[in-house]
Amino acid sequence: MADMIEEIFYILAIPSWEPIRVSPFQGFAPGLFHIAPYLVSVPAFPSDISELAMDPADRLARRRAGQGAWHWSPVTIENLLDHGQPTPSRPFMVVITSEPEMARRVATWRRGLRVRPLHLSAHRIGGAIRPHELTVERLQQHCRTALRQAKEANRWLDITERLSMIDAWRPWEMKPSGLHHHSHNVTLPNEMVLRSAGFITEGEDGRLEGSPEQDYVDGITESASAVFSLHEQANDRPIYLLNPPRPDLILLAPSMHVQAAELIGRAQLPKLSMRAFRALKRQRGYTIQLPVQDEQSINEIGPIFGLRGGELRITTYAVGVRATSTAAATIRLPALINRSAGVVGQLARFLRHHENPPPIKTARVFRAVQNALSETMPPDYMDLLRQSNTGIKIIGEAPLEWLPLGDLPLGIARDVSRIGTTPGNLLIEQLRHVPPLYIPADEFKKYLVVSMFEEGDGIAHHVRRALEVLPGAAEAKLTGISAAPKSTDEFVSVVNGYSGPILIVDSHGTHADNPDVGGLNIGGKFVDVWGLAGHLRPPPIVILSACDTHPFDRSHATVANGFLRCGAIAVLGTVLPIRSRDAAIFLVRLMLRAISFGNAMNANGRSVAWTNIVGGALRMQLASDIVRSLGAQGLLPKEHVADIHRAANYDINPPNERTDWLPRLKERCIETRGFNQSQWTAAYTGILAGSDVIRYVNIGNPEAILISDERVLKRTMHDAQMQA
């Protein structure tokens, strides 16, 4: 059975394009505008040939575990024709075209193949079928045919079991969801999840179009809650031992890239078109009101709104497939969330100016950012955030990790990761399915540190020395490799020659506002990591122990995004300057957690996701910052610091893993010292705002990286057999 891939690949064939021809506000390839609507229908069909032979609850559990995702991708026509043909080992493919020229080229290419894909097109050219003609039964027939063609191309294939799988397909059993069909982008991802689970929305009376803002909030909340309710069907499954459930909530906040205004200005658009663009930038809620008097006005503003509307639809469709692949609920946030740039910039400038900023002022500035974020969030959405159990995925540019959830920022209270919405083409790459990557805990002992400082730099050895001498490092027997490349070529050579799981970049990072491009200092020279795409092959995990590698107040051209573009799966970046000694201590805590905690979890028969490694390390670091700072200020007797710290770590980690670890820490501190609530609040807010924990951001798809070994697989198989 291992000689054939059972997934069905859904390929969107698009024309090639020049990089400068991407859409102006978000940066999508032109060909996506016509073909992206097909994505809405993809989850109506199976992701592989075994899915429709399963019990519906088992299908849902598999998706929650990241195992049942749809494999889809936009592919340029040249790459498809040269490298994308089905093979006997990968026979199941649906190629989708939306433009006549693409349809003709695919039809000609398809005729010469031994294993032929199903061609779905708006144009009846060369045997293509129309979208409304594709049914589950028609796809089932095609998969049978593809199997037989694969057998003819490779007579050694045994297709008996796979034919049985396909023959066992059962049609979808659709049931009413009890929800209105809104026919709107804000609820579409949730509606896609519900349809894929066998539920249909009813009627058109819930359509959102120029409705009051609360109607949008109600529609989003109701549909997201319905998705959450699905998860009860698939709780406590053996598959979760090996593959922990993926994030159950997506926060979606589409934005325009910061150069959009400059591009629009250079285009010298008519006055009304400029008004339309300014209205987009000033948008606060889910609608835009721009009065027009005549047909000429409509013709002038129409292209601006139409183009931006097209970008938002592409984003929504792609996020919808991602949400459906993991059965995640989606909250589409109001546009006001993207207008926090002013207070974010104020905080960034303040912290860049002070290495050790005064706590009172730091707390005040950070609280202003948190208040700005809180004001954009309806109470219903905050209730949904509190319901999340398995992590949150941010898709946007706003600093939602700082949104207060109780007394903690969201990025500390929950395991959180993010994908940016700009540039659009990188967003599409990151939204595609990332299969689980299993890494044994001991592999993290074989790290690679690249240290790139000029001679005499006082912080050059902080990370290396911390890895060598910090308590626990010797016991863990860290055997990493250290390198000090002096040029870009040396850096690429060292990284490409490394075969382990984790790269630690110890360097100076910078991201000026003119030009608005981030980079690393290598050999005393600025290096744009984006420019290394196609040359640099990073390992799956990259940790950037450098300042400003993904600042919230700059463009998308960050160092962290550059590593994603080069092929990393997860990048731990920094949104502000970090202090070298604190960064070194946090780095070792992170490594020891991956090794020691990962091993402990595996011994208990459970995998642990990299998001939880990072999230737990941030929580433990904050707990450490709190008790040690209170001790240093004389607010906590020094003889109690170690015990209170130990109790906090006990609450943060399994088997307890309590979400109320901070209130319990507060109670212990107050009881031990006898200071009051207001004294705690004043001290805590200053410690939080000054801590480096708010300066890290987990980017990419870290939830797909699992620390796991054969002990977990054995327990998973044992529990599955017992359950059967």
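Above this text sits the structure in question.
Reading the values: rules and limits
Residues numbered from 1 in each chain as written. Predicted model: local features only at pLDDT ≥ 70, side-chain atom pairs only at ≥ 80, totals over all residues. Heavy atoms only, no water. Core = buried A, V, L, I, M, F, W, Y, C linked by side-chain atoms within 4.5 Å. Buried < 20%, exposed > 50% of the residue type's maximum accessible area, 1.4 Å probe, protein only. Helix = DSSP H or I, 4+ residues; strand = E, 2+ residues; numbered from the N terminus. Contact = heavy atoms within 4.5 Å. Salt bridge = Lys/Arg side-chain N within 4 Å of Asp/Glu carboxyl O. Pairing = 2+ DSSP bridges.

(A) Spatial organisation of the nonpolar core. Formed by 197 residues in total, the largest nonpolar core has its most connected members in W402, F563 and W610. Of all the elements, helix α22 (residues 610-632) adds the most residues to this core, at eleven residues. Beyond its immediate stretch of four places on either side in the chain, W610 contacts F444, I502, I541, I543, A570, L590, A594, N698, P702 and I705.

(B) Structural view of the pattern of salt bridges. One pass over the structure, following the stated rule, counts 28 salt bridges. Of the charged contacts, one joins E6 and R162 as a salt bridge, the two residues approaching to 3.6 Å between their closest N and O atoms. In this pair, E6 sits in the segment before β1 (9-14) while R162 sits in helix α6 (residues 160-167), placing the two residues 156 residues apart along the sequence. There is no split in this pair, since E6 and R162 are both buried. The residue R352 makes a salt bridge to D553 at a minimum N-O spacing of 2.8 Å. Placement of R352 in helix α13 (residues 341-353) and of D553 in the loop between β20 (541-545) and α20 (559-566) is noted, with a sequence separation of 201 residues between them. Taken together, the shared-partner salt bridges in this structure form one network comprising R352, D548, D553 and R554.

(C) How the structure looks around the sheet that holds strand β22 (residues 608-609). As summarised here, the arrangement of the three strands in space is β13-β24-β22, forming an open sheet in which the pairing is mixed. The sheet is open, and its two borders are formed by β13 (437-439) and β22, each paired with just one other strand. Here two bridges tie β22 to strand β24 (residues 705-707), and the two strands are oriented antiparallel to one another. Looking across to β24, one finds that A609 is bridged to L706.

(D) Examining unusual backbone geometry more closely. The peptide bond linking T422 to P423 adopts the cis configuration, its omega dihedral lying at -10°. Here the amide bond leading from P654 into P655 is cis, since omega sits at 10°, within 30 degrees of zero. Considering the arrangement of structural elements, one finds P655 in the loop between α23 (638-652) and α24 (661-673). A positive phi is found at D236, a non-glycine position, where the angle reads about 55°. Although it is not a glycine, A327 sits at a positive phi angle of roughly 55°.

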